Amino acid sequence: MNSFAILAACEASARATLISVYPVLMYRALGNAASVSEAYVLIGCSGLACALGVPLLARYVPRRWLYTLGILIMVAGSVLGGFFGPRFVPLAVALNSVGLVIVAVCFNAYVMDYVERASMGRNESRRLLFSGIPWSVGPFLGVFLMDLRPQIPFLISIAACLVMLAYFWHLRLGDGKVITKARRPPANPLRYLPRFFRQPTLVAGWFYATLRSVGWSIYIIYLPIFAVKSGLSDQVGGMALSISNGFLFLTPVMLGYLQKTGVRNALVAGFAGSGVLFIAATALSAFPWPAIAVLVSATLFLILLDICGGLPFLLTVKPSERTEMAAVYSTFRDVASVGSPAFARLVLAFAPVQGLFAATGLVLIGCALIARRTHAKLGLRRH
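Reading the values: the criteria
Residues numbered from 1 in each chain as written. Predicted model: local features only at pLDDT ≥ 70, side-chain atom pairs only at ≥ 80, totals over all residues. Heavy atoms only, no water. Core = buried A, V, L, I, M, F, W, Y, C linked by side-chain atoms within 4.5 Å. Buried < 20%, exposed > 50% of the residue type's maximum accessible area, 1.4 Å probe, protein only. Helix = DSSP H or I, 4+ residues; strand = E, 2+ residues; numbered from the N terminus. Contact = heavy atoms within 4.5 Å. Salt bridge = Lys/Arg side-chain N within 4 Å of Asp/Glu carboxyl O. Axes fitted to C-alpha atoms, helices over the stretch in contact; angles between N-to-C directions. Parallel < 35°, antiparallel > 145°, perpendicular 65-115°, else oblique. Left-handed = near helix turned anticlockwise from the far one by under 90°. Nonpolar A, V, L, I, M, F, W, Y, C, P; charged D, E, K, R; others polar.

Caption draft 1: Examining the nonpolar core more closely. Tyr-219, Phe-271 and Phe-278 are the most contacted members of the largest nonpolar core, which has 53 residues in total. Elements supplying a minimum of two residues to this core: α1 (2-19), α10 (200-229), α11 (236-246), α12 (251-283), α13 (288-308), α16 (331-348) and α17 (353-371). Considering every element that reaches this core, the biggest residue donor is α13, with 12 residues. Other than its neighbours up to four places away in sequence, Phe-278 contacts Gly-215, Ile-218, Tyr-219, Leu-295, Ala-298, Leu-302, Phe-357, Ala-358, Thr-360, Gly-361 and Leu-364. Of all hydrophobic cores here, the second largest spans 30 residues; its members include Cys-10, Cys-50, Met-74 and Ala-160.

Caption draft 2: Examining the environment of Leu-250 more closely. Looking at where Leu-250 falls in the secondary structure, it is placed in the loop between α11 and α12. Sequence separation of Leu-250 and Ile-303 is 53 residues, and the distance between their C-alpha atoms is 9.1 Å.

Caption draft 3: Quick look at the pattern of salt bridges. By the definition in use, this model includes two salt bridges. Between Arg-15 and Glu-11 there is a salt bridge, with its nearest N and O atoms 3.1 Å apart. A residue pair is termed a helical-turn pair when its members lie 3 or 4 positions apart in one helix, as Arg-15 and Glu-11 do in helix α1 at four residues. A residue is classified by how much of its surface remains accessible, and Arg-15, at 23% relative accessible area, is partly exposed. The shortest N-O distance in the salt bridge between Arg-212 and Asp-306 comes to 3.0 Å.

Caption draft 4: Main features of the packing of α16 against α17. Interaxial distance between α16 and α17 falls to 9 Å at its minimum, and their mutual angle equals 120°. Between α16 and α17, the crossing angle belongs to the class labelled oblique. Viewed along their axes, α16 and α17 form a crossing whose handedness is right-handed. Residues Phe-343, Ala-344, Val-347 and Leu-348 of α16 form the contact with α17, whose own contacting residues are Val-353, Gly-355, Leu-356, Ala-359, Thr-360 and Val-363. Broken down by class, the residue content of the contact of α16 with α17 amounts to eight nonpolar, two polar and no charged.

Purely geometric stuff here, so don't read any function into it on its own.
This is the structure we're talking about:
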């Protein structure tokens, strides 16, 4: 499990230094927030199409080479964004998104091949713990270094990608474990969509991961806007995100809670806790610093959802469908990246930025009510 956690930490290092840099560069390149939102919707659509196409590509490209391709696409995005001028930034973000989708699909398939069901929760916790340092340092560091020399954050990302690639080949994971020899040609990639949606637990895992990502997206994008509109520094958003990511070091405590109470109770607590605090931030919006502190506190519950939100999928997917189902599941990032700005634009047509936090809180509380229907024994150790 340490091997997968190290791979995840390398990926986090590649992404964390750019997560707070890309929105700034996108705004500078496109000139206004509306254009940035539209660009992110298009980027999300490209990532979604890529995720659905990965299983088709996997029929012709071995998984180890597909994983390698994803990393190289991320490298290409960083090269474009850092060294080819502002007009290439949207394309750089799109390449980064596509590369991440390919890496995520392959990574999830490897995890399901090599990690036992009973260890899935511990593996997710360790993955987040190992990623804690890059995610807690990277967002603020990226913006700080960008002001010194714009290329430095991109060089760090490229270096992290190359380390991830070298370590992956060192592990010799190959193309994953072979379950059974196929007796018929692989199914048309479009056919696994109905199979996925006929399995309620897989759908639930995808739904929880999607709404959790929406919560994170609203926090990452709109907290800095709220801070600036309230007269605070434009670096507040990066600092808040670094503090939130520092909470990843609490994942062993959260894992203990998960193991004692099960996936259902952890899901309900995560969605309800974050939802209530998002709404509380709106109530405190006349006092910017307390409101931001409450939003940062809400991310404790989002991190709990990071640990347990994917477990319904990981614990119940059929071994013979791992690659196909992992491809569908990984679309949660892209659906969230499309849905978040669309949802935000709708709410902001009727309310200020702080109203968006309240609307997001209501959605998260609704998810808590739905999560109560999860099987009570899911994730608990069998005696």
